[in-house]
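# Topology and contacts: notes
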Amino acid sequence: MELREGIQNAAFQEEEEDDDVFVTPGMENEYNQIKPYPGMPKEVLMLYSSKACYRIPREILFWLIIVCTLGLFAMTITIVVVSPRCMSWWQLTPVYQVYPRSFRDSNADGVGDLQGIKEKLSHFEYLNIKAIWISPFYKSPMRDFGYDVEDFQQIDPLFGTMEDFDDLLASMHDKGLKLIMDYIPNHTSDKHMWFQLSRNGTEPYKDYYIWVNCTADKPPNNWVSVFGNSSWEFDEMRQQCYFHQFLKEQPDLNFRNPRVIEEMTDIIHFWLKKGVDGFRMDAVKHMLEAAHLRNEPQVDPDQDPSTVDTEFELYHDYTYTQAGLHEILTNWRRELDKYSREPGRYRFMVTESYDYEEIDKTMRYYGTNYAKESDFPFNFYLLYLPDDLSGNQAKRLVDLWMSNMPKGKWPNWVVGNHDKPRIASSAGKEYVRAINMLLLTLPGTPTTYYGEEIGMVNVNVSVIQDPFGQHDPSNSRDPQRTPMQWSDDPNAGFSESVNGTWLDVAPDYSTVNVEIQQASADSTIGQYRALSLLRSSEMVLSRGWFCYIWSDTNVFAYLRELDGLSKGFLVVLNFGNNITTNLSWVRELPDTLTVRLSTESINQKAISKSSIPTSQGQGLLLEYSSSQRFHLSHQHECYVSEKACYLPALDILYKC
């Protein structure tokens, strides 16, 4: 290969020596330059990094970052420590009870179903209600319309299929709605597989129910069913009597058998795994009975024992609220808690127990300081408001619960359900709006029975379907279970059946229905919705103090306030005659209050506290602004469950 002479590049120049570069002894091989520049090598960076003009800003930034980080960390800890507990979904929304047979019929058979509930989910959104309790839809012979369960893990074909349930649950969750199921632990249907196997003595089902030796004409004791007559039924196959606290077709389970507790706990797990959000525990006080089977004492000792045939003629010392009951319920609460660890998926538990004047027994369902039980037991005492309709009666019933409720627990309020007459009939139509205002402005969780939002009334049905009513027509529960009134279409828009509906539709459905009332903001449903929206948007109503202000024969008045927040609300409800109330003695109230909502149309926008006029059945929600707090000087008249204070500067709540 021949080497050729290289080509000269005219643009190339030798780098000339820079006279400005000073090379110190020992640094001849180091790279030096007077000014740092972008992309400089490590050697240049290290040469200038120790100079004050670079070092000091760097150290300032470093310590500033450290201080800010520590400050944010401290602030986070402080906020966590001083912040009040976040309220759960069941505290922030009313609960709406759906009686599925009567809510909406989707297949024109005259009976409501699960698909019908799905079709009406927008109704709950309109009412601003997020929690829906659905009465039983398990497979059942329907002797007690679903409260006699043949299979706890199947849907009765009358209501649809398991796929319909899954679809309903998914649709509800998509809309941010919670589903609360009715759970019936006390008894099953006599058609249940367990009972059939128990009848013939098959193990391990032999002792799943309560069997005792007896004869067909002589029960083992004087225990009486809730539906009347003896609680014992002789079984020809087993030649023994079984115990039932309700219908003879509803034999009581034996909860002294650990296998029964295990079976019923597995059923809870079955539905929790499907994603249900909670349970209403039905008739829990009946779950255990005394093993000694002694006769219960008569209310009237002189009454002929052979004539005792109703539950109110005996003291139920041996059949209600027996030792061991609360341990079972507490363990079920623990099972629900296992499924509540996922954020936003708290599983709710409410118990049903009518304890009448023995309110201490009801309060026990809250649990103890050591073990939580239900989130709350249902409060049925407002159902007795019509017995002596007055402002004093309203205060007495509210205070009955608030003064007996364990400290820090959450109250709740019920004015109707599937077992009791509708409040519009028992109290009077003219009081429905005021009672709804009471329900939605009291502290705690309100429960609304379907139709109360439009003022539905009891209906004298042509044919009694209720077994309780067939035993005693005066006790029929059919009148409060009639079909929901959606519109003035045939069958009130409840069903397209040409053969009628399972119970008669109310004759007033053409004027009292959802469709007509939604067209007016001043209607019963319009005012219910306004109150529901206000309850969720105003901290004062959701977690503030509750204080009694006044009660007399006609008026019940109370206020809601929150520490740190100047805004408050005064509620004035008239359960008597037209009257003007003078509250000038309440120095914490300003002289003038603003009308936020009135159940009756009024021209006044502002009302003086010394002259608050209300007419029969009227409710007033008055807003005011004050820096003074009523509860500070009236501690015995005020209650709060989730205590918190408001800091306006940061717009946050904190513990106080």
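Residues numbered from 1 in each chain as written. Predicted model: local features only at pLDDT ≥ 70, side-chain atom pairs only at ≥ 80, totals over all residues. Heavy atoms only, no water.

Labelled according to an unreviewed UniProt entry, the protein chain appears under the name Amino acid transporter heavy chain SLC3A1, originating from Danionella cerebrum. As its UniProt record puts it under Subcellular location (unreviewed entry), the protein chain is described as follows: "Apical cell membrane". (UniProt positions renumbered as here; feature names shortened; annotations may be inferred.)

Quick look at the state of the cysteines now. Evaluated as defined, the whole model comprises 3 disulfides. Across the disulfide from cysteine 214 sits cysteine 241; the S-S distance is 1.8 Å. Handedness of the cysteine 214-cysteine 241 disulfide follows from its S-S torsion of about 90 degrees: it is right-handed. Note that cysteine 214 is positioned in the loop between strand S6 (211-212) and strand S7 (232-235) and cysteine 241 in strand S8 (residues 240-243), a separation of 27 residues in sequence. On the accessibility criterion, cysteine 214 (15% relative accessible area) is buried. For cysteine 241, a relative accessible area of 2% translates into the label buried. Here cysteine 547 is linked by a disulfide to cysteine 638, with a sulfur-sulfur distance of 2.1 Å. Where cysteine 547 bonds to cysteine 638 through sulfur, the torsion about that S-S bond is close to 120 degrees, and the disulfide is right-handed. On the criterion of sequence distance, the pair formed by cysteine 547 in strand S14 (residues 545-551) and cysteine 638 in strand S22 (residues 638-639) is long-range, its members being 91 residues apart. Classification of cysteine 547 by relative accessible area gives buried; the value is 0%. In the protein chain, the bonded cysteines, taken in the order they occur along the sequence, pair up as 1-2, 3-4, 5-6. In this structure cysteine 86 is a free cysteine whose sulfur lies 15 Å from that of cysteine 656, the closest cysteine sulfur available. (Disulfide = S-S within 2.5 Å. Helix = DSSP H or I, 4+ residues; strand = E, 2+ residues; numbered from the N terminus. Buried < 20%, exposed > 50% of the residue type's maximum accessible area, 1.4 Å probe, protein only.)

Moving on, we get to the pairing of strand S18 (residues 592-598). Bridge analysis of S18 against strand S19 (residues 606-608) gives 3 bridges, and the strand direction is antiparallel. Directly across from leucine 593, in S19, lies its bridge partner isoleucine 607. Relative to strand S21 (residues 619-625), S18 runs antiparallel, the two being bridged by 4 bridges. Looking across to S21, one finds that threonine 594 is bridged to glutamate 623. (Pairing = 2+ DSSP bridges.)

A word on the UniProt feature "domain: Glycosyl hydrolase family 13 catalytic" (unreviewed entry) in the protein chain. Per the UniProt entry, the sites bearing "domain: Glycosyl hydrolase family 13 catalytic" (unreviewed entry) are residues 97-481 in this numbering. The distance separating the terminal C-alpha atoms of residues 97-481 is 12 Å; by composition the span is 28% helix and 12% strand.

Pairing between sheet strands relies on hydrogen bonds along the backbone, with the strands arranged either parallel or antiparallel. One open sheet accounts for 7 strands, arranged S19-S18-S21-S16-S15-S14-S22; its pairing is antiparallel. A strand with exactly one partner marks an edge of an open sheet, and here the two such strands are S19 and S22. Sheet contacts for helix H17 (residues 524-537): strand S16 (567-574), S18 and S21; angle to S18, the most-contacted strand, approximately 125 degrees. (Contact = heavy atoms within 4.5 Å. Axes fitted to C-alpha atoms, helices over the stretch in contact; angles between N-to-C directions.)

Here we come to the domain arrangement of the protein chain. As assigned here, the protein chain comprises domain 1 (49-82), domain 2 (92-184 + 257-288 + 317-534), domain 3 (186-254 + 289-316) and domain 4 (539-654). Summarising the inter-unit geometry, the C-alpha centres of domain 1 and domain 4 are found 48 Å apart. (Domains from an automatic or database assignment.)

The subject of this paragraph is the UniProt feature "transmembrane region" (unreviewed entry) in the protein chain. Taking the numbering used here, the UniProt-annotated feature "transmembrane region" (unreviewed entry) corresponds to residues 60-82. Along residues 60-82, the helical share is 100% and the strand share 0%, with 32 Å between the first and last C-alpha atoms.

Following glutamate 203, the chain continues into proline 204 via a peptide bond in cis, with omega recorded as 5 degrees. Following the sequence through the fold, proline 204 ends up in the loop between helix H8 (193-199) and S6. Here the phi dihedral of alanine 108 falls at roughly 60 degrees; this positive angle occurs in a residue that is not glycine. With respect to the element layout, alanine 108 can be found in the loop between helix H4 (100-103) and helix H5 (114-119). If you check the backbone angles, leucine 293 has positive phi at about 60 degrees while not being a glycine. Structurally, leucine 293 can be placed in the loop between strand S9 (278-281) and helix H10 (325-338).

Before going further, it helps to examine the packing of helix H7 (residues 162-174) against helix H9 (residues 258-274). The relative placement of two packed helices comes down to the angle between their axes together with the axis-to-axis distance. Relative orientation of the contacting elements H7 and H9 amounts to 55 degrees, with a least axis distance of 11 Å. Here H7 lies oblique to H9, going by the angle between them. Contacts from Met162, Phe165, Asp166 and Leu169 in H7 reach Phe270, Trp271 and Lys274 in H9. Split by residue class, the contact of H7 with H9 holds 5 nonpolar, no polar and 2 charged. (Parallel < 35°, antiparallel > 145°, perpendicular 65-115°, else oblique. Nonpolar A, V, L, I, M, F, W, Y, C, P; charged D, E, K, R; others polar.)

So, about the pattern of salt bridges. Per the counting criterion, the structure on display carries 29 salt bridges. A salt bridge links arginine 481 to aspartate 419; the shortest N-O distance between them is 3.3 Å. Note that arginine 481 is positioned in the loop between helix H15 (467-471) and helix H16 (514-518) and aspartate 419 in the loop between strand S12 (412-414) and helix H13 (423-426), a separation of 62 residues in sequence. Arginine 481 sits in the buried class, given a relative accessible area of 2%. With a closest N to O distance of 3.7 Å, glutamate 538 and arginine 596 form a salt bridge. Highlighted residues: glutamate 538 in the loop between H17 and helix H18 (539-543) and arginine 596 in strand S18, separated in sequence by 58 residues. Overlapping salt bridges, with partners in common, bring together Asp144, Asp419, Asp466, Arg477 and Arg481 in one network. (Salt bridge = Lys/Arg side-chain N within 4 Å of Asp/Glu carboxyl O.)

Here we take up the nonpolar core. The biggest cluster of nonpolar side chains holds 135 residues, and the ones touching the most others in it are Tyr96, Phe165, Met264, Trp271, Phe279, Trp332 and Phe575. Sequence-distant contacts of methionine 264, defined by excluding residues within four places in its chain, comprise Phe152, Tyr183, Ile184, Pro185, Trp194, Leu253, Phe255 and Trp332. Listed in part, the 20 residues of the second largest apolar core include Trp545, Cys547, Leu570 and Tyr624. (Core = buried A, V, L, I, M, F, W, Y, C linked by side-chain atoms within 4.5 Å.)

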